[in-house]
Protein chains: 4
Amino acid sequence: YQQRSKTWNVFREFVGTTLFLFTNPLMAMDAVHECVPDPLHVALAFGASIALTCVCLDGVHLNPAVTLALVVGLRVSPWQAVLYVGAQLLGAITACGLLFGMAPVSAKDKLGINELASGVNLYQAFSVETAVTFQLVLCVLAVTHPKSPFFSLAPAALGLSVTLGHLIAIGFTGCGMNPARSFGPAVLTLNLENHWVFWAGPCAGAILAWLMYDLLLYPRWTGLSDWI
Amino acid sequence: YQQRSKTWNVFREFVGTTLFLFTNPLMAMDAVHECVPDPLHVALAFGASIALTCVCLDGVHLNPAVTLALVVGLRVSPWQAVLYVGAQLLGAITACGLLFGMAPVSAKDKLGINELASGVNLYQAFSVETAVTFQLVLCVLAVTHPKSPFFSLAPAALGLSVTLGHLIAIGFTGCGMNPARSFGPAVLTLNLENHWVFWAGPCAGAILAWLMYDLLLYPRWTGLSDWI
Amino acid sequence: YQQRSKTWNVFREFVGTTLFLFTNPLMAMDAVHECVPDPLHVALAFGASIALTCVCLDGVHLNPAVTLALVVGLRVSPWQAVLYVGAQLLGAITACGLLFGMAPVSAKDKLGINELASGVNLYQAFSVETAVTFQLVLCVLAVTHPKSPFFSLAPAALGLSVTLGHLIAIGFTGCGMNPARSFGPAVLTLNLENHWVFWAGPCAGAILAWLMYDLLLYPRWTGLSDWI
Amino acid sequence: YQQRSKTWNVFREFVGTTLFLFTNPLMAMDAVHECVPDPLHVALAFGASIALTCVCLDGVHLNPAVTLALVVGLRVSPWQAVLYVGAQLLGAITACGLLFGMAPVSAKDKLGINELASGVNLYQAFSVETAVTFQLVLCVLAVTHPKSPFFSLAPAALGLSVTLGHLIAIGFTGCGMNPARSFGPAVLTLNLENHWVFWAGPCAGAILAWLMYDLLLYPRWTGLSDWI
């Protein structure tokens with residue numbers, strides 16, 4: 001409900017990602033209690049966090065994979081996308097830094113990092129990350145279309161989509177679905193083992209979702225003006 | 001928000017059913033952990049999945065029982081219904097095929113198949129499947145009526161209805177409520193034992209719900225024009 | 001979205017209560033598994049069930065305590081209220097009869113009856129039933145006011161209120177909050193021990209909520225026309 | 001949907017806080033069963049309770065930290081704020097008094113008091129209380145802005161925000177997030193150990209959220225008229 005400059009939007013990406021990723025304390029606490037966190041608990045917290053961040057800061061991406069899908073669909077300029085992803089990664093590091101300061105000692109070496117569960121191989125992790133990001137980005141493209149009847153309920157749909165992704169993937173990889181969310185803890189704990197999966201999977205899912213949406217479901221084939 | 005050809009709608013049924021039934025990985029994973037999946041986890045995942053698929057692809061049926069209720073109520077032509085059901089079954093097989101490729105070895109013989117729980121007989125399974133599909137189809141008929149005040153919130157109501165069905169039936173049959181959802185894993189694991197229950201129950205529930213809705217609750221008796 | 005006769009509304013009360021109380025199979029099943037049902041499972045199922053019944057059948061009461069609050073506030077005529085309560089009790093018996101037919105043998109002596117948990121005395125049970133019905137009826141009066149901004153979301157608010165009631169009271173009494181819901185299983189299992197609490201508590205809560213709403217929160221004192 | 005005097009609003013704060021804090025019986029009951037309450041159970045109950053109280057009594061604050069954020073942002077006069085906070089504390093004591101009367105004997109010494117979990121130090125408790133109140137107050141400021149597209153869904157957003165706060169903080173402090181909610185049980189059980197944390201944390205979070213909202217996200221810098 002007010003015009004904003006492009007610089008402002010980059011700043012909002014930073015604030016939004018920091019806010020959103022602050023949900024991690026609960027996982028740090030789970031490390032204190034030395035128990036596997038309840039998947040429903042984590043899934044509802046991440047979904048609620050995304051929904052509320054979208055309510056407070058309308059129009060933020062919060063996720064490099066979402067930004068990628070919007071840039072390949074020519075909805076966002078490449079330069080703007082680079083700044084957005086930078087702000088998202090900076091926000092993730094800030095959130096994890098704050099978290100590192102307030103987490104109990106026993107939790108400082110995890111900080112809610114994404115890891116492959118035992119018995120899950122890299123190919124399965126990649127497939128699951130691709131699948132959950134696919135449904136998230138498809139949902140983003142569908143609800144942010146200005147003519148969508150769900151445009152005004154976008155935060156609720158996106159929160160539900162993030163919750164669904166966690167319900168599906170949490171047993172495989174802890175559910176990345178967002179390279180920034182995986183990047184923060186990986187950098188602060190200096191644990192980059194298999195970290196590429198949490199970039200490659202979401203990016204593949206985002207591009208597949210864009211192809212599905214723009215080429216098959218709501219084709220933009222009728223003219224060049226559809227794209228610009 | 002745009003006109004679509006009938007062929008397109010059949011394609012959308014295929015895509016939607018594939019998307020919706022991709023929630024199964026979580027059950028495959030539960031098989032890895034060798035524990036009974038938490039009913040709330042499964043119920044919320046299926047409900048969220050249906051709601052989001054309806055948001056992304058407005059107007060899809062995703063369920064042969066729903067298509068049956070619409071065809072007996074003369075809302076959809078028989079020929080169109082046959083194509084829709086075909087697309088739904090093909091989508092279910094595609095989803096389970098993808099899932100088969102990425103599931104851990106120990107889960108490849110289940111794939112989230114619907115089975116009768118121990119201590120549940122065929123008559124109870126049939127009754128429960130009829131009951132949960134009855135409430136789902138009644139909800140579909142109520143919210144898709146163009147004059148319904150809940151028309152714009154249809155995805156939320158349908159997701160809630162699917163969640164409710166799972167909360168009721170998951171302890172009896174794993175909750176079919178959708179012949180396509182039961183068909184996919186049954187075909188891929190070649191386990192068709194008691195499979196007819198997951199067709200007969202939902203179809204009986206759909207026809208009962210149609211009779212209840214069109215003849216009793218919102219009667220279409222005043223003239224022939226009500227029906228065509 | 002269409003006018004309905006008063007007889008029709010009585011019939012709709014019967015259908016709605018039967019539909020709503022069909023959620024009980026899940027408790028019958030819990031009896032099979034010989035474990036305490038998860039409170040969240042039961043609370044979400046009852047909430048979803050009420051919300052969906054209100055979506056399918058707009059304007060039904062489904063609860064003698066709600067009908068009582070509307071009759072003392074002169075919103076419904078006494079004679080109509082008697083017919084409504086009769087239809088609700090008949091619906092409850094029908095739902096429990098259907099349930100009795102399809103429940104496993106070991107569950108036939110419970111059918112989801114409301115009982116005082118061990119360590120809970122009658123005074124506590126009465127207080128808790130009064131409290132949860134108070135918040136439900138206050139919510140009914142607030143969201144069904146035609147000028148309420150939440151009028152169109154009434155089913156969601158009522159479902160949430162029923163869920164909240166169960167989250168609060170399920171550890172004390174199994175959560176009655178609805179004399180019809182308690183009456184059905186009590187009659188079919190011929191177990192009327194302490195049954196009066198599940199009438200007295202909800203009725204007291206309904207009258208207190210009506211006094212709070214009509215006399216304090218949104219006073220109807222300015223003239224006789226407010227009441228008729 | 002009707003004008004109300006300022007005195008009336010103070011009375012409504014009292015009623016609303018009493019209503020909202022009546023959710024505590026479930027924690028008293030958990031004390032009977034001598035088990036740690038399920039975090040999801042408590043989080044959903046508090047969230048639903050806030051959402052329904054906001055539906056029944058539109059415009060109430062229910063929380064001294066929220067009132068503080070509104071008074072520093074010059075949205076509420078200081079004198080009105082003092083009366084509101086007084087009414088909130090009185091409401092909290094009333095709710096806990098009613099609860100004390102109906103709680104089982106073994107639960108009378110707790111009444112759902114906020115305490116630091118074992119292994120959590122004061123600095124961590126303060127940080128977590130600040131963080132969860134920060135996101136709550138940011139959400140309050142965002143959804144109550146008259147031009148917000150989520151204005152009509154404010155109760156849902158606030159309920160979600162309270163649920164999220166509990167999911168994050170319940171393992172650290174039981175989740176205060178509201179000095180009135182912490183004050184009631186602390187006074188009635190005469191246990192004021194570390195009680196200042198449940199005032200200092202939320203107040204710090206509220207002021208940070210106000211600075212973030214009014215100075216950074218939606219700056220009111222263009223003129224004096226923005227503030228008055």
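Cut-offs used in this document
- Residues numbered from 1 in each chain as written.
- Chains lettered and ligands numbered in written order.
- Predicted model: local features only at pLDDT ≥ 70, side-chain atom pairs only at ≥ 80, totals over all residues.
- Heavy atoms only, no water.
- Helix = DSSP H or I, 4+ residues; strand = E, 2+ residues; numbered from the N terminus.
- Buried < 20%, exposed > 50% of the residue type's maximum accessible area, 1.4 Å probe, protein only.
- Contact = heavy atoms within 4.5 Å.
- Areas by Shrake-Rupley, 256 points an atom, 1.4 Å probe, with all protein chains shown as cover.
- pLDDT = per-residue confidence, 0-100.
- Least-squares fit on C-alpha atoms with pLDDT ≥ 70 in both.
- Polar contact = N/O pair within 3.5 Å; in protein donor to acceptor, adjacent residues only side chain to side chain.
- Buried area = accessible area lost by both parts, 1.4 Å probe.
- Patch = residues over 30% accessible without salt bridge, like charges linked within 9 Å, V, L, I, M, F, W, Y side chains within 5 Å.
- Salt bridge = Lys/Arg side-chain N within 4 Å of Asp/Glu carboxyl O.
- Nonpolar A, V, L, I, M, F, W, Y, C, P; charged D, E, K, R; others polar.
- Phe/Tyr/Trp six-rings, centres within 6.5 Å; stacked < 30°, edge-to-face > 60°.

On to the overall build of chain A, then. Per the secondary structure count, chain A includes nine helices and zero strands. The helix and strand sequence of chain A, counted from the amino end, reads α-α-α-α-α-α-α-α-α. When the 228 residues of chain A are sorted by exposure, 60% land in the buried category. Look at the contacts in chain A between residues 6 or more apart in sequence, and 75% of them connect residues 24 or more apart. Accessible surface computed for chain A: about 8500 Å², of which carbon and sulfur atoms make up 70%.

Summing up the model confidence of chain A, the mean pLDDT is 87 and the portion of residues at 70 or higher is 89%. Per-residue pLDDT, averaged within each element of chain A, yields its smallest value for helix 2 (residues 25-32) of chain A (63) and its largest for helix 4 (residues 64-72) of chain A (95).

Our focus in this paragraph is the relation of the copies chain C and chain B. Each copy of the sequence occupies a distinct position, and chain C is placed on chain B by a rotation of 90° and an axial shift of 0.0 Å, giving an RMSD of 0.0 Å. Expressed as an axis order, the relation between the two copies is that of a four-fold axis. No C-alpha of chain C approaches the rotation axis more nearly than that of Leu40(C), which lies at 5.8 Å. Here only 6% of the contact residues of chain C are again contact residues in chain B; the copies associate through non-equivalent surfaces.

Mapping chain D onto chain A is achieved by rotating through 90° and translating by 0.0 Å along the same axis, at an RMSD of 0.0 Å. With a heterologous cut-off of 20% or less, the 6% of interface residues of chain D that recur at the interface of chain A puts this contact in the heterologous class.

Okay, the environment of Ile168(D) next. Tracing the backbone shows Ile168(D) in helix 7 (residues 154-173). Through-space distance from the C-alpha of Ile168(D) to that of Ala43(D) is 9.5 Å; in sequence the pair is 125 residues apart.

With that settled, the discussion passes to helix 4 (residues 64-72) of chain B. All names here are of chain B. Taken across its nine residues, helix 4 has seven buried, putting it largely inside the fold. Every buried residue of helix 4 is accounted for by Pro64, Ala65, Val66, Thr67, Ala69, Leu70 and Val71. Looking at the packing, one finds that the buried side of helix 4 touches helix 5 (78-102), helix 6 (122-143), helix 8 (179-188) and helix 9 (197-217). The backbone nitrogen of Ala65 has a side-chain oxygen 3.0 Å away, supplied by the residue at the start of helix 4, namely Asn63. Remark: Leu74 follows helix 4 within two positions and exhibits a positive phi of approximately 60°.

Our focus in this paragraph is the interface of chain D and chain A. Interfaces are often sized by the amount of accessible area the parts lose when they come together. Contacts between the two partners involve 34 residues from chain D and, on the opposite side, 35 residues from chain A. Approximately 2900 Å² of surface area, both sides summed, lies buried where chain D meets chain A, with 78% of it carried by carbon and sulfur atoms. Among the residues chain D hides against chain A, the three largest losses belong to Phe150(D), Leu217(D) and Tyr218(D). Together they make up 22% of the total. Counting across the chain D and chain A interface gives two residue pairs in polar contact (both at pLDDT 80 or more). When contributions to the side of chain D that touches chain A are tallied by element, the ones reaching two or more residues are helix 3 (39-56), helix 6 (122-143), helix 7 and helix 9 (197-217) of chain D.

Positive phi, close to 70°, is recorded for Leu62(A), a residue that is not glycine. Tracing the backbone through its elements, the reader meets Leu62(A) in the loop between helix 3 (39-56) and helix 4. Judged by its relative accessible area of 1%, Leu62(A) falls in the buried class. The phi angle at Asn194(B) is positive, at roughly 60°, despite the residue not being glycine. As for its placement among the helices and strands, Asn194(B) is situated in the loop between helix 8 and helix 9.

With that out of the way, let us pick up a nonpolar patch on the surface. Residue and element names in this part refer to chain A. Side chains of Trp79, Val82 and Leu83 sit close together on the surface and give an oily, nonpolar patch of about 330 Å² of accessible area. By the element assignment, Trp79 lies in helix 5 (residues 78-102). We classify Trp79 as exposed; its relative accessible area is 59%.

Taken together, the contact between chain C and chain B spans 35 residues of the former and 34 residues of the latter. Between chain C and chain B, roughly 2900 Å² of surface is buried when both sides are summed, and carbon and sulfur atoms account for 78% of that area. Summed over the shared surface of chain C and chain B, the result is zero salt bridges. At the boundary of chain C with chain B, the tally comes to three residue pairs in polar contact (both at pLDDT 80 or more). If you list the elements that add at least two residues to the side of chain C that touches chain B, you get helix 1 (6-20), helix 2 (25-32), helix 3 (39-56) and helix 5 (78-102) of chain C. For the side of chain C that touches chain B, the element with the highest residue contribution is helix 3 of chain C, accounting for eleven residues. Of the residues in the side of chain C that touches chain B, the class split is 24 nonpolar, seven polar and four charged.

In this section: the side chain of Gln88(C). Residue and element names in this part refer to chain C. As for its placement among the helices and strands, Gln88 is situated in helix 5. According to the relative accessible area criterion, Gln88 is buried, its value standing at 0%. Polar contacts involving the side chain of Gln88 include one to the side chain of Thr67, which spans 3.2 Å.

Let us look at the side chain of Thr17(D). All names here are of chain D. Summarising the element assignment, Thr17 is placed in helix 1 (residues 6-20). In this structure the side chain of Thr17 is engaged in a polar contact, spanning 2.7 Å, whose partner is the backbone oxygen of Glu13. For Thr17, the residues in contact, after removing those within four places along its chain, are Leu62, Gln88, Gly91, Ala92 and Ala180.

Think of a pair of aromatic rings as described by two things: how far the centres are apart, and how the planes are tilted against each other in angle. All names here are of chain D. In total, this model carries 16 aromatic pairs over all chains according to the counting rule given. Look at Phe20 and Phe46: their rings are 5.7 Å apart centre to centre, the planes differ by 75°, and that puts the pair in the edge-to-face class. With a gap of 26 residues between them, Phe20 in helix 1 and Phe46 in helix 3 connect regions that are remote in the sequence. Among the residues examined, Phe20 registers a relative accessible area of 3% and is labelled buried. With centroids separated by 6.2 Å and ring planes inclined at 85°, the aromatic side chains of Phe183 and Trp199 adopt a geometry described as edge-to-face. Taken together, the residues span a long stretch of sequence, with Phe183 in helix 8 (residues 179-188) and Trp199 in helix 9 at a distance of 16 residues.

A word on the pattern of salt bridges. Overall, the coordinates contain five salt bridges over all chains when judged by the stated rule. As a salt-bridge pair, Asp214(B) and Arg75(B) come within 3.0 Å of each other at their nearest N and O atoms. Residue Asp214(B) is found in helix 9, and its partner Arg75(B) is found in the loop between helix 4 and helix 5; the two are separated by 139 residues along the sequence. Between Asp58(C) and Arg12(C) there is a salt bridge, with its nearest N and O atoms 4.0 Å apart. Of this pair, Asp58(C) sits in the loop between helix 3 and helix 4 (64-72) while Arg12(C) sits in helix 1, placing them 46 residues apart in sequence.

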